[in-house]
Amino acid sequence: MSDLDQLRADLIPAIEQAPALDALESMRVSALGKQGSITALLKTLGGMTPEQRTSEGPRIHSLREAVTDAIAARKAVLEADALAAKLAAERVDLTLPADMPPPGGVHPVAQVMDELAEIFADMGFAVATGPEIEDDWHNFTALNIPETHPARAMHDTFYVDGPDGERRVLRTHTSPVQIRTMTSQKPPIRIIAPGRVYRSDSDATHTPMFHQIEGLVIDKGITLAHLKWTLETFLKAFFERDDIVLRLRPSYFPFTEPGVEVDVGFTWIKGKRVIGGDGNAADGGWMEVLGSGMVHARVLENCGLDPNEWQGFAFGTGVDRLAMLKYGMDDLRAFFDGDIRWLKHYGFGALDVPTLSGGVGA
Ligand code: DAH
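Just so it is clear, the model here is predicted, and its values are computed rather than measured.

About the thresholds
- Residues numbered from 1 in each chain as written.
- Predicted model: local features only at pLDDT ≥ 70, side-chain atom pairs only at ≥ 80, totals over all residues.
- Heavy atoms only, no water.
- Domains from an automatic or database assignment.
- Near = heavy atom within 4 Å.
- Polar contact = N/O pair within 3.5 Å; in protein donor to acceptor, adjacent residues only side chain to side chain.
- Areas by Shrake-Rupley, 256 points an atom, 1.4 Å probe, with all protein chains shown as cover.
- Helix = DSSP H or I, 4+ residues; strand = E, 2+ residues; numbered from the N terminus.
- Nonpolar A, V, L, I, M, F, W, Y, C, P; charged D, E, K, R; others polar.
- Expected span 1.5 Å × (residues − 1).
- Buried < 20%, exposed > 50% of the residue type's maximum accessible area, 1.4 Å probe, protein only.
- Arc of directions from axis to C-beta.
- Contact = heavy atoms within 4.5 Å.
- Axes fitted to C-alpha atoms, helices over the stretch in contact; angles between N-to-C directions.
- Parallel < 35°, antiparallel > 145°, perpendicular 65-115°, else oblique.
- Salt bridge = Lys/Arg side-chain N within 4 Å of Asp/Glu carboxyl O.

Let us now look at the domain arrangement of the protein. We note that the domain assignment places domain 1 (2–89) and domain 2 (108–132 + 170–346) within the protein. Inter-centroid distance (C-alpha atoms) of domain 1 to domain 2 is 89 Å.

The structure is reproduced here in structure tokens:
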């Protein structure tokens, strides 16, 4: 066998069996590259006699063509294999179940705030907000709780320094939103103000941070009758019962005159107080659920409103407490422990929230 035949016998089967594209490329370089074996043969043509060239030239060129073709053919096969492997590896099976993150839940406080907003929206109330870091005037003074007033001792207040050196308070109730609303809007006013409030207090029914909802109505000719109807309508909608009985008890709040505490009747069922029924019945009693009253004339004046022209009522209650009464939790502290097991038990499905408009008990 001539050298050429030997070279062909070495190269072609090796190319045809090249295991991968990079191996094939090195074979191409060692045969056809600048220093390649076939390139070297081609270079010898220059030093040949015309006769030799006539006989050797076609053989060398045919070898070069055969090698070039073999490389192209093998390259096509290897590329097709690589593509097929890639497609197989990256294949998406749309019939597999989706890899979803664990579902989140809606905290009972958020749930109840949502329910409250819906109930009051139906009665024409807008939602108002105010800052959690309040000044003395909005949290106390404008609400007719002056500096020296003993009522201030009713609130175990967290004080903080303001940027201007003035003392600030973490608002102890949502009532300052009454002031912020009356000083920024013209009556008639119908608002609720849900939000966080702070008091230095901690036991099974008190946490340093908790939630309240405030309500305020300012209009002409507003009386206690409007207050009672509004609260009764709200409590019936919230507890989803028609047999809610209210009892209004005279009470003292510096920002109301008269002030009333609102009790609802409950019935003992399996050792639990269940809202509903006449509190006077043998198997029941009364439970306080709200503070309220007619807005004090001095509060109206503090906000630039003439009490002879405008009257109103206000109320405030604990959102967490409403949640406990409706959904049956008994330790307030667990609301804010962040224990995922508690949330799983008492939380609401994010996509399945029972609301008045969307349906209850879904
Ligand atoms: N701000 C009161 C509290 O935190 C609750 C309250 C009582 C709000 C009477 C009112 C009201 O608007 O009229 O204890």
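So, on to the site of the ligand. Looking at the ligand, there are 15 residues lining it, with His173, Ser175, Arg199, Gln212 and Glu214 nearest. Contact between the ligand and histidine 173: a nitrogen atom at 2.9 Å from a side-chain N or O atom of the residue. The separation between an oxygen atom of the ligand and a polar main-chain atom of phenylalanine 315 is 3.3 Å. With the chains in place, 90% of the 350 Å² that the ligand exposes on its own is no longer accessible. Broken down by secondary-structure element, the contributors of at least two residues to the shell around the ligand are β7 (209–219), β11 (284–295) and β12 (311–318). Of the residues contributing to the shell around the ligand, the split by class is four nonpolar, nine polar and two charged.

On to helix α1 (residues 3–16). End to end, α1 covers 20 Å across 14 residues, agreeing with the expected 20 Å (1.5 Å per residue, within 8%). Looking at α1, one finds that the buried residues are Leu4, Leu7, Leu11, Ile12 and Ile15. Down the axis of α1, the buried side of the element spans an arc of 110°, and every buried residue falls inside it. Where the residues of α1 are buried, they touch α2 (21–32), α3 (37–44) and α4 (50–89).

This part covers the packing of α1 against α4. Across the interface, α1 lies against α4 with an axial gap of 9 Å and an inter-helix angle of 10°. One finds that α1 runs roughly parallel with respect to α4. Each of Leu4, Asp5, Leu7, Arg8, Leu11, Ile12, Ile15 and Glu16 in α1 lies in contact with α4, whose residues at this interface are Glu56, Arg59, Ile60, Ser62, Leu63, Ala66, Val67, Ala70, Ile71 and Arg74. Here the contact of α1 with α4 is built from residues that sort into eleven nonpolar, one polar and six charged.

Applying the stated criterion across every chain yields a total of 19 salt bridges. As a salt-bridge pair, arginine 180 and aspartate 135 come within 3.9 Å of each other at their nearest N and O atoms. Linking arginine 180 in helix α7 (residues 176–182) with aspartate 135 in strand β3 (residues 133–135), this pair joins segments that are 45 residues apart in sequence. Residue arginine 180 is classed as partly exposed on the basis of its relative accessible area, which comes to 26%. A residue is classified by how much of its surface remains accessible, and aspartate 135, at 24% relative accessible area, is partly exposed.

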